[in-house]
Amino acid sequence: MDYDMTTNHIKSLIDNNCLDEAIHLLSHRLETNKEDDEAYYLMGNVYRKQGNMKMAMFYYTSATEINAHSPAAEAYRVLLDIRNFINPDYNP
């Protein structure tokens, strides 16, 4: 695999807020392998970092549909807890 596509490189991009580049590389990874649960998980992390919880949850769900033991399952649960905590229906 090309260095630019490696998980460590993409994680570094996410950590350094190079989110557009991370999305580009992850999109390419997913185009070449629709079953890459790690790429879906990392894409969820990108969207979470951007504050787009709906898209983050979509990608976390996609990852867990491929691999039920993906770290995306826990990330999804955390986002649900956050959403429920800030939902005015639960916390007026």
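Residues numbered from 1 in each chain as written. Predicted model: local features only at pLDDT ≥ 70, side-chain atom pairs only at ≥ 80, totals over all residues. Heavy atoms only, no water.

1. Concerning helix 3 (residues 37–50)
Spanning 14 residues, helix 3 covers 20 Å between terminal C-alpha atoms, matching the ideal 20 Å at 1.5 Å per step. When you tally the buried positions in helix 3, you get 10 out of 14 residues, the bulk of the element. Taken residue by residue, helix 3 has D37, A39, Y40, Y41, L42, M43, G44, N45, V46 and Y47 as its buried positions. Phi turns positive one or two residues past the end of helix 3, at G51, with a value near 90°. (Helix = DSSP H or I, 4+ residues; strand = E, 2+ residues; numbered from the N terminus. Expected span 1.5 Å × (residues − 1). Buried < 20%, exposed > 50% of the residue type's maximum accessible area, 1.4 Å probe, protein only.)

2. Considerations on the pattern of salt bridges
With the rule as written, the count across this model stands at three salt bridges. Between R29 and D36 there is a salt bridge whose closest N-O contact spans 2.9 Å. (Salt bridge = Lys/Arg side-chain N within 4 Å of Asp/Glu carboxyl O.)

3. Points about the packing of aromatic side chains
What the rule picks out here adds up to four aromatic pairs. Aromatic pair Y41 and Y60: ring centres 5.9 Å apart, planes at 35°, arrangement tilted. Pair noted here: Y41 is in helix 3 and Y60 is in helix 4 (residues 53–66), with a separation of 19 residues, a long-range link. As far as the burial class goes, Y41 and Y60 line up, both buried. Plain terms: the ring middles of F58 and Y59 are 5.0 Å apart, the flat faces sit at 80° to each other, and that makes the pair edge-to-face. The class for Y59 is buried, based on a relative accessible area of 13%. Taken together, the ring pairs connect Y40, Y47, F58 and Y59 into an aromatic cluster. (Phe/Tyr/Trp six-rings, centres within 6.5 Å; stacked < 30°, edge-to-face > 60°.)

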